[in-house]
Amino acid sequence: MRVLTGIQPSGVLHLGNYFGSIRQMLQYQGDSELFIFIANYHALTSLKDGEALRENSIDAAISFLSLGIDPSKATFWLQSDVKEVLELYWILSSYTPMGLLERAHSYKDKVAKGIVANHALFSYPVLMAADILLYDAEVVPVGKDQVQHVEITRDIAIKFNNNHKNALKIPTFKIDEKVAAVPGIDGAKMSKSYGNTINIFTTQKELKKQTGKIVTDSTPLEEPKSYENCNVYKLCELFMDENELIELQERYKSGKEGYGHFKASLKDKIWEYFAFARDKREYYLAHKDEVRDILLDGANKARAIASIKMEQIREMVGIL
Ligand code: ADP
Ligand code: TRP
């Protein structure tokens, strides 16, 4: 099964990103053929500072390699290294009804927020369709906000296939229903835009500060506490096994410790959990040339497929 997904290089990663998305992607790495790329052309729709886009793209690659993308198992590349995608984007545009794009929630939401739309923001789903269809991807794991974009991809592919029988594989999306929203330090869904994140790659001091700010009730230290709805406990559930959780529950009930103690245990767990990834990240930060080479190797693998597909498509649509 060929699984494909793109990642916007949008800055600092938090626990919600890891447990809500990255961990699932990594699971495909063993069992399926995983295609995964840094969507830097897509990022250009909102980021106009060239230096920042370059930095963010490499930084995202470093983070994903550190968290477990294995270039010997997955095909991992930078979107802009395989130019065929732009050619397919244009060809697919000629098969995309305006109404399909005008109905896109993500576009409408951005316009409603007052963002001045450019054409790339409007045609964003067509480039995403090209990303997916160029590689005959079967499954596209995405977050809820991206489902409609995969539906648009399907519609475009069906339109194209009406003219060119069975040319494009129709993909399906996959959302992991098991993953609940990871709560942020205020108990709402953890998100960059709410400023309530605990970040994966941070200093121990900063991690202490972020976990220290988790909102709890004000039960005094010497009273038993309930763990059921506690934000600290909910985050601990991501890092502790069953026995550790039972032990933690006892500590809540005992009335001998305060929330500060539980926060400290959580901090230690997070720090330990990402120790390996942190070391790898340090290594890649000091060896950025190696990262660029990994991405270029991945692009070569991706291009081998993309160029054959494009030859077939050019032939079908009549581009000499
Ligand atoms: P943010 O809300 O911080 O801007 P993104 O929209 O960039 O995060 O999310 C990237 C991926 O991480 C998406 O697949 C999304 O579903 C997942 N994700 C983000 N925050 C959470 C969360 N709090 N719980 C579960 N998954 C999350
Ligand atoms: N639009 C996706 C996001 O913002 C990123 C993306 C670009 C993507 N191309 C893709 C995801 C193709 C899946 C498949 O998260």
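Colleague: So what exactly am I meant to see when it comes to the packing of helix α10 (residues 231-239) against helix α11 (residues 242-254) here?
Modeller: The angle between the axes and the distance between the axes are what describe a pair of packed helices. Relative orientation of the contacting elements α10 and α11 amounts to 160°, with a least axis distance of 10 Å. One finds that α10 runs roughly antiparallel with respect to α11. Every pair of crossing elements has a handedness; the one defined by α10 and α11 is right-handed. Mapping the contact onto sequence places Val-232, Tyr-233, Cys-236, Glu-237 and Phe-239 in α10 and Glu-244, Leu-245, Leu-248, Gln-249 and Tyr-252 in α11. The class makeup of the residues in the contact of α10 with α11 is seven nonpolar, one polar and two charged.

Colleague: Looking at this structure, I do not really get the site of ligand 2. What am I missing?
Modeller: The local shell around ligand 2 holds 13 residues, among which Gly-6, Gln-8, Tyr-124, Asp-131 and Gln-146 are the closest. Asp-131 is positioned with one of its side-chain polar atoms (N or O) 2.8 Å from a nitrogen atom of ligand 2. Residue Gln-146 places a side-chain N or O atom 2.9 Å away from a nitrogen atom belonging to ligand 2. Across the complex, the protein chains shield 90% of the 370 Å² of accessible surface that ligand 2 would expose by itself.

Colleague: Got a minute to help me understand the pairing of strand β1 (residues 2-7) in this structure?
Modeller: Looking along a regular strand, one sees the side chains alternate between the two faces of the sheet. When you tally the buried positions in β1, you get five out of six residues, the bulk of the element. Sheet analysis places β1 next to strand β2 (residues 33-38), joined by six bridges and oriented parallel. Note on β2: the bridge partner recorded for Gly-6 is Phe-37. Once you follow β1 into helix α1 (residues 15-31) and on to β2, the crossover reads as right-handed.

Definitions and cut-offs
Residues numbered from 1 in each chain as written. Chains lettered and ligands numbered in written order. Predicted model: local features only at pLDDT ≥ 70, side-chain atom pairs only at ≥ 80, totals over all residues. Heavy atoms only, no water. Axes fitted to C-alpha atoms, helices over the stretch in contact; angles between N-to-C directions. Helix = DSSP H or I, 4+ residues; strand = E, 2+ residues; numbered from the N terminus. Parallel < 35°, antiparallel > 145°, perpendicular 65-115°, else oblique. Left-handed = near helix turned anticlockwise from the far one by under 90°. Contact = heavy atoms within 4.5 Å. Nonpolar A, V, L, I, M, F, W, Y, C, P; charged D, E, K, R; others polar. Near = heavy atom within 4 Å. Polar contact = N/O pair within 3.5 Å; in protein donor to acceptor, adjacent residues only side chain to side chain. Areas by Shrake-Rupley, 256 points an atom, 1.4 Å probe, with all protein chains shown as cover. Buried < 20%, exposed > 50% of the residue type's maximum accessible area, 1.4 Å probe, protein only. Pairing = 2+ DSSP bridges. Right-handed = clockwise from strand over helix to strand, strands pointing away.

By themselves, these observations are geometric and do not establish any function.
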